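# Structural description and commentary
These are the residues of each chain, in order.
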Amino acid sequence: MKIVRVFVTVLTILVFHLSIAQKKGIQKAVKVNTGPWVYTMYPGNIIKTTFSPEGQLPAPQVSNAVIEKPLIVKADKFIQFLDGNTRYVIDESSATLLRYFEAAGFKGFQFSLTEGEKIFGTGERSLPLDRRGYKLNLYNNPWYGYGVNADNLNYSVPFIISSKGYGIFFDNPSSGYLDIGKTDPNILEYGVSSGELSFYIIPGKNVDEILRKYQLLVGTQPIPARWAFGNLMSRFGYRNEKQLMGIVDSMRNQNIPLDAVILDLFWFGDSIKGTLGNLAWTNHKAWPDPTKMISKLKNEHINTIIITEPFILNTTPNYEPSKRYHAVDSSGKPFVLTDFYFGQSGLIDIFRKDAQNWFWSKYKQQITKGVAGWWGDLGEPEKHPAGIYHNLRDLGFNKLFKADEVHNIYGHYWDKMLFDKYALEYPNVRLFNLNRSGYAGSARYGVFPWSGDVSRSWGGLQAQLPLMLGMSMSGVPYIHADAGGFAGGDGDMELYTRWLQFAVFTPVLRPHGTALGDLDPGVKNIPSEAALYPDPYKSIVRSYIQLRYELLPYNYTLGYEQAKFGKPLVRPLFYFGGYDPELYNANNEFMWGDEILVAPVLEKGATHKKFYLPEGTWFNLISDAQETGGIWQDDKVDLTNIPVFVKEGSFIPMFESDHNIKSSSDYNGKEVTIKYYPSSKESSFIMFDDDGTTNNTLAKGKYELLKFDGVTKEGEIHIRISNTHKTTVIARKLKIILPVPYKIISVNGKTMDISQNYFNINYSGKPLSVNIKVR
């Protein structure tokens, strides 16, 4: 095996330390005896390092992940060349590059790992959050029926966060790997098969700071339409209009809120195989009038989402017309997949503008019928052999690229196509696009990834928490699962209930599963819709879905925090750092935003749940019972509940409607309930609100920020309410609820008599001060 190691030392630097001033920034180029190293500064004291091996052609960079502009600042003061290593010392963070290497067809970098250092991120894997000790492929990979410890799933991200206060983003979408102390416990090794050799060192004192800097580097996710935070009804699959509308009626009759229906591949065909690529309602008996059906659903405030795939089968009418837009073989002829599960097929070359335009024309036909969102499946791509080549001429490259060179970024450019087309032709619409694969920065294109074809089992459920937290720490904020599970299963209703209780506190609530009826008698028919389950399971799940809707103002604000600041919706307990080592051991719970701690029940027949409450006072979200943190809890649980706690000092905006909520459209912002959990420590919360549908309200300034400040002093609770952004102001009735007894309140000095456990305030945008005497 040929191994080349390049040590970057003061002694090996040749000829020059050259500063190159450019229009967009200043780069520091250091030439060593094997090629130049170039250092470029970015906002947040991020340093990009690029290496070009001597004697090799310049490597192409097909990634567009980074959108931040470089600074006109030198990197010199942050880089030390010492003892054969390159050390990046930025603020209180440091990372040490040991060497560049070439081995076994891969090129890359090796970094030092220190004692006790933990490594997080790397994308979608159902492994422990600390990925140290694993060698992980960087290759988007479908895995049918996976459970715990699946190490290579649909969405890999070459980004890591270290517990020592730095992150590294390796911006290269070609196939590769991360060896995080597996081969050598003291070395993190990154290797790729081709492409630009570069990485970004991102300093930060905790996960929050590192992740926010990274998200601003590659882009945050736009705020979704409000309905995207609702209950999205989905299965594999609804086979005809009568069946679909019957289940919708059952959901409505059973008082289960609903915001969307999602149609799998039966919308364009009557079988599983042989129909991919139809991209049209071909079965007129099953779907006699799609436009009328979609309109009827819309009148009920239910959005229609349909599936698409980038594969065009040779049994469909679109095959011949689309061949010119397919990826090709080495001779330039359209490549034919002869061993694809669904049938012989071509693959759309998504990197070409003419292919995008053809594909988009099929989307537009459905948008005119009223389709509101998209489900992009098989976008790894699922079948992508080494013999396929892609044409990237529209990205400025005059050569064909092998599949492995662009595999990990195929889904990303599919996302980009949809986002760009909507921005051009439907600029006021917020794009909703489910896609199970992508790359760093895909979030900025409005993508909602799900975790693939998970096993419908307790192992499948247990896999979701580390997967979701790992993806959140990889800059993929709207990761979620087929709630209830997808592959296999025996119809365990306890499993379904526990999974839905968990899913209510995840970025997207989308119950899904396999229910094929008589199409495949060998597959058990297990519904995903709560209305089709018997009690008590139905009633329990309904109460949690209703809770999801009650939390709509809070959840919507989490979407704002992602778009504005790059904060994930789901966060590990150690997100803000701290010195409590138990935060790193609390792996079976998570924070939903900054205020709510969720400890899902993940074991069959569980009667107790062990979880950790960090330091401070915590309130049970349902019962308001208080607990003192800094200890491990062992709470009794039954099927009706999971532990959900709110930390002291929190304001939780809620939408109350006496459990008669039908969809998110019932919310108008005019009546909002605010639950405040008192604390002797000063705290604040900013609630975001806009019309819930218009695109780019942040850029347009058409939104409202309601700020709540609170503290308890000398037996009195002090609350201040103000408006920090007044472009759009709604006259509101605020219902204030406290989980502690009180007897007297005053608003702006005016005393009010209170006989209930809440009080109402009319708020029109001017600051209000509320003082409450605690009993």
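Here the structure is a predicted model, which means the values were calculated and not measured.

Further remarks concern the overall build of the protein chain. Tallying secondary structure elements over the protein chain gives 13 helices and 44 strands in all. Taking 775 residues into account, the globule formula puts the C-alpha radius of gyration at 28 Å, and the protein chain, at 27 Å, falls close to it. By residue count, 61% of the 775 residues in the protein chain fall in the buried class. By sequence separation, contacts in the protein chain at least 24 residues apart represent 71% of the contacts at least 6 residues apart. By element, 50% of the accessible surface of the protein chain is carried by carbon and sulfur atoms, the whole surface being about 28,900 Å².

The next subject is the packing of aromatic side chains. Taken as a whole and judged by the stated rule, the model has 62 aromatic pairs. With a centroid separation of 6.1 Å and an interplanar angle of 85°, the aromatic rings of Phe229 and Tyr556 are classed as edge-to-face. One end of the pair, Phe229, is in the loop between helix 1 (207-218) and strand 17 (232-234); the other, Tyr556, is in helix 11 (residues 552-565), and 327 residues separate them in sequence. Through a chain of ring-to-ring contacts, the aromatic side chains of Trp37, Tyr39, Phe51, Phe81, Tyr88, Tyr100, Phe109, Phe111, Phe170, Tyr190 and Phe199 assemble into a single cluster.

Helix 7 (residues 410-425) packs onto helix 5 (residues 353-367) with a crossing angle of 60° between their chain directions and a minimal axis gap of 11 Å. Of the possible angle classes, the one that applies to helix 5 and helix 7 is oblique. The two elements helix 5 and helix 7 meet at a crossing, and its hand is right-handed. Across the interface between the two elements, Gln356, Asn357, Phe359, Trp360, Tyr363, Lys364 and Ile367 of helix 5 pack against Trp414, Met417, Leu418, Lys421, Tyr422 and Glu425 of helix 7. Partitioning the contact of helix 5 with helix 7 into residue classes produces eight nonpolar, two polar and three charged.

What follows deals with helix 8 (residues 458-472). Since the α-helix turns once every 3.6 residues, residues separated by three or four places project in the same direction. Its 15 residues place the ends of helix 8 22 Å apart at the C-alpha level, agreeing with the 21 Å of an ideal helix rising 1.5 Å per residue. At Gln464, helix 8 shows its maximal bend, which comes to roughly 25°, and the proline Pro466 appears one to four places after that position. Where burial is concerned, most of helix 8 is hidden: 13 out of the 15 residues are buried.

Attention now goes to the sheet that holds strand 22 (residues 373-376). Within a sheet, each strand pairs with its neighbour through backbone hydrogen bonds, oriented either parallel or antiparallel. The sheet built from six strands is open, its strands ordered 17-18-19-22-25-26 with parallel pairing. Strands at the two margins of the open sheet, each flanked by one partner only, are strand 17 and strand 26 (447-448). With three bridges joining them, strand 22 and strand 25 (residues 433-435) adopt parallel strand pairing. Opposite Gly376, over in strand 25, you have Asn435 as the bridge partner. Against the sheet, helix 2 (residues 241-253) engages strand 17 and strand 18 (260-263), with an angle of about 140° to strand 17.

Next up on the list: the environment of Ala150. The residue Ala150 is located in the loop between strand 11 (134-138) and strand 12 (156-162) in this model. Take Ala150: its relative accessible area is 1%, and that puts it in the buried class. Separated by 24 residues in the primary sequence, Ala150 and Ser126 place their C-alpha atoms 5.1 Å from one another. In contact with Ala150, not counting residues within four places along its chain, are Arg125, Ser126, Leu127 and Trp143.

We now examine the packing of helix 8 against helix 9 (residues 493-503). Their axes nearest at 10 Å, the elements helix 8 and helix 9 cross at an angle of 15°. On the basis of the axis angle, helix 8 is roughly parallel to helix 9. Taken as a pair, helix 8 and helix 9 cross one another with a handedness that is left-handed. Taken together, the residues of helix 9 that come into contact with helix 8 (itself represented by Trp458, Gly460, Leu461, Gln464, Leu465 and Met468) are Glu494, Leu495, Arg498, Trp499 and Phe502.

Reading the values: rules and limits
- Residues numbered from 1 in each chain as written.
- Predicted model: local features only at pLDDT ≥ 70, side-chain atom pairs only at ≥ 80, totals over all residues.
- Heavy atoms only, no water.
- Helix = DSSP H or I, 4+ residues; strand = E, 2+ residues; numbered from the N terminus.
- Rg over C-alpha atoms; globule rule 2.2 N^0.38 Å.
- Buried < 20%, exposed > 50% of the residue type's maximum accessible area, 1.4 Å probe, protein only.
- Contact = heavy atoms within 4.5 Å.
- Areas by Shrake-Rupley, 256 points an atom, 1.4 Å probe, with all protein chains shown as cover.
- Phe/Tyr/Trp six-rings, centres within 6.5 Å; stacked < 30°, edge-to-face > 60°.
- Axes fitted to C-alpha atoms, helices over the stretch in contact; angles between N-to-C directions.
- Parallel < 35°, antiparallel > 145°, perpendicular 65-115°, else oblique.
- Left-handed = near helix turned anticlockwise from the far one by under 90°.
- Nonpolar A, V, L, I, M, F, W, Y, C, P; charged D, E, K, R; others polar.
- Expected span 1.5 Å × (residues − 1).
- Bend = angle between axes of the 7 residues up to and from the residue.
- Pairing = 2+ DSSP bridges.

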